[in-house]
Amino acid sequence: MNQADVELMNSLNWYHKIDLVGGRVTPGREWDHLWSPIKREMRRVDFRGKRVLDIGTWDGLWSFEAESLGASSVLATDINTQRSFTDQGPATFELAKRIRGSKVEYKEVSVYDLDSLEQQFDVVVFFGVLYHLRYPQLGLARIRNVLKDGGLLLMETAILLDTEDTIIQTDHQKIYPKDVSTWNAFSGPALVSLLKESYFEVERFEVIVRQNRDRKIGRGFALARA
């Protein structure tokens, strides 16, 4: 990286910590306790030669991860108006892509409008998005439409801990009180049920982070096959 790139990187607001070159890492949030288990889960999946769709890419961390794991093509998608830093658009993604020499493509499209892509994918990466959806069932239906039969969905989202009931919490004050963009948190059994009813076969679900004892909120990871 030259000095101009370093200055540009430091002038932007980053959410993800992304490895660039020469040991340089973007100045993102301190979420390694969540991102590390997600990376471990991704590395259990064979991405080699796969066409990958990343939904809610933000700065592109998971798109670049899929590419590094051997994906033949990666399409990163997001809606800039839903980001905290709407004034900079996909500038962080574009800088990371250029510095990394990546071939990941970017398109602004809502999860509800995925049919407009007119493409089919082998793997869909869907991390940290479901709980922001006002219509989660519709979102999963749109994902299923663009995922090949037998393809894999990798999903991470907010979940309700320590219950076997199939329940959904829709009050953000009881999930993430400071995040008004939170629309839902499913219990583990409810999330598995939702996936099954959306024409997925759930191969694995597990709690990867326990976040709040009082509210019994955490994060869960699901691997499901179309």
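Residues numbered from 1 in each chain as written. Predicted model: local features only at pLDDT ≥ 70, side-chain atom pairs only at ≥ 80, totals over all residues. Heavy atoms only, no water.

K.L.:
Got a minute to help me understand the pairing of strand S5 (residues 147-160) in this structure?
P.N.:
The side chains of a regular strand alternate, first on one face of the sheet and then on the other. By the criterion of burial, S5 is predominantly enclosed, with 11 of the 14 residues buried. Pairing between strand S4 (residues 121-127) and S5: 6 bridges, direction parallel. Across the sheet, Phe121 pairs through a bridge with Leu147, a residue of S5. Handedness of the crossover joining S4 and S5 through helix H5 (residues 136-146) is recorded here as right-handed. Summarising the sheet, S5 and strand S7 (residues 185-187) pair through 2 bridges and their orientation is parallel. (Buried < 20%, exposed > 50% of the residue type's maximum accessible area, 1.4 Å probe, protein only. Helix = DSSP H or I, 4+ residues; strand = E, 2+ residues; numbered from the N terminus. Pairing = 2+ DSSP bridges. Right-handed = clockwise from strand over helix to strand, strands pointing away.)

K.L.:
Sorry if this is basic, but what is going on with the packing of helix H1 (residues 3-11) against helix H4 (residues 91-100) here?
P.N.:
The geometry of H1 relative to H4 is characterised by a closest axis approach of 10 Å and an angle of 150° between their N-to-C directions. The pairing of H1 with H4 is recorded here as roughly antiparallel in orientation. The way H1 lies across H4 gives a crossing that is left-handed. Contacts between H1 and H4 involve Asp5, Leu8 and Met9 on the former and, on the latter, Leu95, Arg98 and Ile99. (Axes fitted to C-alpha atoms, helices over the stretch in contact; angles between N-to-C directions. Parallel < 35°, antiparallel > 145°, perpendicular 65-115°, else oblique. Left-handed = near helix turned anticlockwise from the far one by under 90°. Contact = heavy atoms within 4.5 Å.)

K.L.:
Where do I start with H1 in this structure?
P.N.:
For an α-helix the count is 3.6 residues per turn, leaving residues at separations of three or four pointing the same way. Among the residues making up H1, those that are buried are Asp5, Val6 and Met9. Burial along H1 is one-sided: seen end-on, the buried residues are contained in an arc of 100°. The outward face of H1, more than 90 degrees from its buried face, is lined by the exposed residues Gln3, Ala4 and Ser11. Buried residues in H1 make contact with H4. Structurally, the start of H1 carries an N-cap: the backbone nitrogen of Ala4 is 3.2 Å from a side-chain oxygen of Asn2. (Arc of directions from axis to C-beta. Polar contact = N/O pair within 3.5 Å; in protein donor to acceptor, adjacent residues only side chain to side chain.)

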